[in-house]
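# Residue-level structure breakdown
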Amino acid sequence: MSESSESVKRKKITTRTFQQKKARGEPITVLTAYDYATALAVDLAEIDAILVGDSLGMVVLGYENTLPVTMDEMLHHCKAVARGAKYPLLIGDMPFMSYQVSVEEAVRNAGRFLKEAGMDAVKLEGGRERVPVIEAIVAAGIPVQGHLGLTPQSVHQFGGYRAQGKSAQAAKRLLEDALLLQEAGCFSIVFETIPTRLGRLISERLEIPTIGIGAGAACDGQVLVSHDVLGLFERFTPRFVKKYADLHGEMVRAFAAYNSDVTSGRFPTDEHSIEMPDEEWEALTALLDD
Ligand code: KIV
């Protein structure tokens with residue numbers, strides 16, 4: 001397909017598209033990306049949305065968890081993604097402590113994702129305690145995606161990365177939180193690591209699209225971390241991940257082959273080298289002989 005016929009056919013995905021897809025029962029696809037090259041590939045694969053997740057901290061920056069990630073780090077990577085992706089809805093993840101201190105600070109930080117970094121929406125973690133912040137950000141004209149269940153910024157409060165909503169009481173609270181987030185104006189909510197039948201129940205009760213990660217097939221859409229999908233993050237692989245490639249293995253293989261080629265003299269060859277015209281070379285030797 002030529003680029004012009006492609007642009008006629010494809011339309012920018014918006015929060016409205018999310019809603020329309022839910023109404024039509026069409027699954028919504030979301031992947032994370034943190035750089036220009038990945039954003040280009042995710043866009044070409046016609047994925048609906050890119051989440052520049054704060055998982056950045058773990059899979060790209062090598063932090064132990066997502067807590068150290070800063071606004072500056074997030075904005076830096078969001079900008080790179082925005083340069084590469086044209087059609088997907090772009091969602092910037094608000095890092096730990098960028099929206100918890102005050103409503104005013106939360107609105108200002110959310111605004112930076114759109115104003116400085118080319119994002120279309122923001123995501124933030126938490127339930128009923130986030131309602132005032134979500135209302136204020138939405139009132140500023142910024143679409144907000146909620147995030148419930150295993151919210152990684154609360155890892156210490158949970159005592160580890162544990163599935164959430166497994167007891168009747170916890171499940172009821174999660175559903176209540178979801179309804180409150182919807183009422184506060186979220187355009188969609190991510191549900192992470194919750195039981196499949198709870199994912200189904202919540203998706204049926206909510207009017208806004210649910211995006212699951214370890215929340216079962218009945219959610220209105222799915223999100224995965226691109227480094228998990230590509231087999232690029234080796235530290236651990238959650239049960240809900242489906243690995244579609246082993247790029248870590250491929251990288252090691254390619255780097256080792258390069259190492260071996262250089263050390264054995266097989267690289268570079270004439271094919272990878274440039275030469276001076278003979279007359280210029282002769283002129284140089286004459287100059288040096290003077
Ligand atoms: O940061 C992230 O990548 C996320 C997804 C796991 C939903 O929040």
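Check the entry above for the structure.
Residues numbered from 1 in each chain as written. Predicted model: local features only at pLDDT ≥ 70, side-chain atom pairs only at ≥ 80, totals over all residues. Heavy atoms only, no water.

## Some words on the sheet that holds strand β6 (residues 188–192)
Read once around its circumference, the closed barrel built from 8 strands follows the order β1-β2-β3-β4-β5-β6-β7-β8, with strand pairing classed as parallel. The sheet shows a mean angle of 25° between the axes of neighbouring strands, direction not considered. Pairing geometry for β6 and strand β7 (residues 210–213), over 4 bridges, is parallel. For F191, the partnering residue across the bridge sits in β7 and is G212. Lying over the sheet, helix α2 (residues 15–24) contacts β1 (28–32), β2 (49–52), β3 (89–93), β5 (144–149), β6 and β7, oriented at roughly 135° with respect to β1. Lying over the sheet, helix α9 (residues 168–184) contacts β5 and β6, oriented at roughly 175° with respect to β5. (Pairing = 2+ DSSP bridges. Helix = DSSP H or I, 4+ residues; strand = E, 2+ residues; numbered from the N terminus. Axes fitted to C-alpha atoms, helices over the stretch in contact; angles between N-to-C directions. Contact = heavy atoms within 4.5 Å.)

## Observations concerning a negative patch on the surface
Negative charge collects at one region of the surface, where D270, E275, D278, E279, E280 and E282 lie side by side. Looking at the element boundaries, E275 is found in the loop between α12 (247–264) and α13 (278–289). Taking the relative accessible area as the measure of exposure, E275 reaches 73% and is therefore exposed. (Patch = residues over 30% accessible without salt bridge, like charges linked within 9 Å, V, L, I, M, F, W, Y side chains within 5 Å. Areas by Shrake-Rupley, 256 points an atom, 1.4 Å probe, with all protein chains shown as cover. Salt bridge = Lys/Arg side-chain N within 4 Å of Asp/Glu carboxyl O. Lys, Arg positive; Asp, Glu negative; His and termini not counted. Charge placed at Lys NZ, Arg CZ, Asp CG, Glu CD. Buried < 20%, exposed > 50% of the residue type's maximum accessible area, 1.4 Å probe, protein only.)

## Quick word on the environment of K243
Considering the arrangement of structural elements, one finds K243 in the loop between α11 (226–229) and α12. With a relative accessible area of 41%, K243 lands in the partly exposed category. Filtering out sequence-adjacent residues up to four positions away, K243 remains in contact with D228, V229, G231 and E234.

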